[in-house]
Amino acid sequence: MDKVKEIVSEINKGNPKPIYFLMGEEPYYIDRITQYIAENVLTEDEKGFNQMVLYGKETSVDEIVANAKRFPMMAQHQVVIVKEAQHLSRTIENLVPYADNPQPTTILVLCYKYKKLDKRKKLYKTIKKSGELFESKKLYDNQVADWIRRTLASKKYKISPKSCVMLVEFLGTDLSKISNELEKLTLVVPPTTEITPDLIEEHIGISKDFNNFELKKAIGERNVKKVSQIIDYFAQNPKDNPFVVTVTLLNTFFTQLLQYHGLKDHSPSNVAKVLGVNPYFVNEYVVAAKNYPMKRVSSIISSLRTLDLKGKGVGASNMTQADLLKELLSEII
């Protein structure tokens, strides 16, 4: 995020680089930087003659270079954006001569999604000298909640830890998808408001009472009634609550619980650090550890792995989601 702000700041100061090579597994920031350049470098009048978009599937490196070498018409710069540039991976090194001596009045943006340049090759080293190399790395699951918090904080909103977890569990780690949902929230909720589970349920449609977060908590507490209610809800709404997501989350929870049992220092700060969780959730592990001894946790993890295979059709092709969930309840509780 800091690197994105730095790139935007330099563009705003009137110091754009001649080449922006945007690569990596996370498309969100690649799209954001590209969109910013497309919308802010040229005026609306200048864009007609001086801004073009090419697609990697439909162009070649030679065609990109030919367009990049043109001079702008009645403008200080021209902008050439190459989307889906990863489709040019076999010939992308042919860009070296241009990168070595880029047209100073051209801003060439290459969107190289889901791949990255080989640091040992000449193109990487050349662009590093003459332009901007930006790698957009995929966030780990335990980093997404903090990303949500920081994104909302930049817009003067707060969000509760439970709300963050609800969003991550429902939306996954796709930052573009999460950003779209946050945009919906900020359109209807005034700044300085804390985003709560109630607001998420109302405006995004995620149930605050029947979700994987509540299931995990109820299992940790051995609250059989609550677990049964959530599992029944999941069985009736399989599309919104896929079994593979549930079993993966529970496997992570019990693996962390196994780690908890092995800790010598059970102070909240150390538990949060070692398990990679928000301190707000540490008490859930304290409670679960009392209900599930280490030997039992190991057995549950083994059962969850078997259930994960069954959920993918291995050895249980005729089992419905309701059947899988009932077996899940039986194996754990």
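Reading the values: the criteria
Residues numbered from 1 in each chain as written. Predicted model: local features only at pLDDT ≥ 70, side-chain atom pairs only at ≥ 80, totals over all residues. Heavy atoms only, no water. UniProt positions renumbered as here; feature names shortened; annotations may be inferred. Helix = DSSP H or I, 4+ residues; strand = E, 2+ residues; numbered from the N terminus. Buried < 20%, exposed > 50% of the residue type's maximum accessible area, 1.4 Å probe, protein only. Contact = heavy atoms within 4.5 Å. Arc of directions from axis to C-beta. Axes fitted to C-alpha atoms, helices over the stretch in contact; angles between N-to-C directions. Parallel < 35°, antiparallel > 145°, perpendicular 65-115°, else oblique. Left-handed = near helix turned anticlockwise from the far one by under 90°. Phe/Tyr/Trp six-rings, centres within 6.5 Å; stacked < 30°, edge-to-face > 60°. Lys NZ or Arg CZ within 6 Å of the ring centre and 35° of its normal. Pairing = 2+ DSSP bridges. Right-handed = clockwise from strand over helix to strand, strands pointing away.

- The name an unreviewed UniProt entry gives the chain is DNA polymerase III subunit delta, with Allomuricauda ruestringensis as the organism.
- Per UniProt, the comment on the chain under Catalytic activity (unreviewed entry) is "DNA(n) + a 2'-deoxyribonucleoside 5'-triphosphate = DNA(n+1) + diphosphate".
- UniProt annotates the chain under Sequence similarities (unreviewed entry) with the comment "Belongs to the DNA polymerase HolA subunit family."

Some words on the UniProt feature "domain: DNA polymerase III delta N-terminal" (unreviewed entry) in the chain
Part 1 of the reasoning: Taking the numbering used here, the UniProt-annotated feature "domain: DNA polymerase III delta N-terminal" (unreviewed entry) corresponds to residues 20–135.
Part 2 of the reasoning: Helix makes up 37% of residues 20–135 and strand 24%, with an end-to-end C-alpha separation of 11 Å.

Quick look at the environment of Glu 214
Part 1 of the reasoning: Residue placement: Glu 214 occurs in helix α11 (residues 212–220).
Part 2 of the reasoning: The class of Glu 214 is buried, set by a relative accessible area of 8%.
Part 3 of the reasoning: When the C-alpha positions of Glu 214 and Asp 141 are compared, they lie 18 Å apart, and in sequence the two are 73 residues distant.
Part 4 of the reasoning: Other than its neighbours up to four places away in sequence, Glu 214 contacts Lys 162, Lys 208, Asp 209, Lys 226 and Ile 230.

Looking at unusual backbone geometry
One can expect most non-glycine residues to show negative phi and most peptide bonds to be in trans.
Part 1 of the reasoning: One non-glycine residue with positive phi stands out, namely Lys 156, at about 70 degrees.
Part 2 of the reasoning: Tracing the backbone through its elements, the reader meets Lys 156 in the loop between α7 (141–153) and β6 (158–159).
Part 3 of the reasoning: Its relative accessible area of 62% is what places Lys 156 among the exposed residues.
Part 4 of the reasoning: Although it is not a glycine, Arg 222 adopts a positive phi angle of roughly 55 degrees.
Part 5 of the reasoning: Tracing the backbone shows Arg 222 in the loop between α11 and α12 (224–236).

A short note on helix α1 (residues 2–12)
Part 1 of the reasoning: The complete set of buried residues in α1 reads Val 4, Ile 7, Val 8 and Ile 11. The buried side chains of α1 occupy one side of the element, clustering within an arc of 95 degrees when seen end-on. Along α1, exposed side chains directed more than 90 degrees from the buried face belong to Asp 2 and Lys 5.
Part 2 of the reasoning: Buried residues belonging to α1 abut β1 (19–24), α2 (27–40) and β5 (132–135).
Part 3 of the reasoning: Positive backbone phi, at 85 degrees, marks Gly 14, one or two positions downstream of α1.

Re the packing of helix α13 (residues 243–262) against helix α14 (residues 268–275)
Part 1 of the reasoning: Taken N-terminus to C-terminus, the directions of α13 and α14 make an angle of 135 degrees; their axes are 10 Å apart at the nearest point. It follows that α13 is oblique to α14 by the angle criterion. Regarding α13 and α14, the two cross each other, and that crossing is right-handed. Residues Gln 256, Gln 259 and Tyr 260 of α13 touch α14, and the partners they reach there are Val 271, Val 274 and Leu 275.

Quick look at the packing of aromatic side chains
Part 1 of the reasoning: Summed over all chains, the structure comprises nine aromatic pairs.
Part 2 of the reasoning: Relative to Phe 281, the ring of Phe 213 lies with its centre 5.5 Å away and its plane at 70 degrees, an arrangement referred to as edge-to-face. Linking Phe 213 in helix α11 with Phe 281 in the loop between α14 and α15 (282–291), this pair joins segments that are 68 residues apart in sequence. Of the two residues examined, Phe 213 and Phe 281, each falls in the buried class.
Part 3 of the reasoning: Grouping aromatic residues by their ring pairs yields a cluster made of Phe 253, Phe 254, Tyr 285 and Tyr 292.
Part 4 of the reasoning: Its guanidinium or amino end placed over the ring of Phe 281, Lys 216 lies 5.9 Å from that ring's centre, counting from NZ or CZ.

Overview of the pairing of strand β2 (residues 51–55)
Part 1 of the reasoning: One ladder, built from five bridges, connects β2 with strand β3 (residues 78–83); its direction is parallel. Note on β3: the bridge partner recorded for Gln 51 is Val 79.
Part 2 of the reasoning: Following the backbone out of β2, through helix α4 (residues 61–68) and into the adjacent parallel β3, one traces a crossover that is right-handed.

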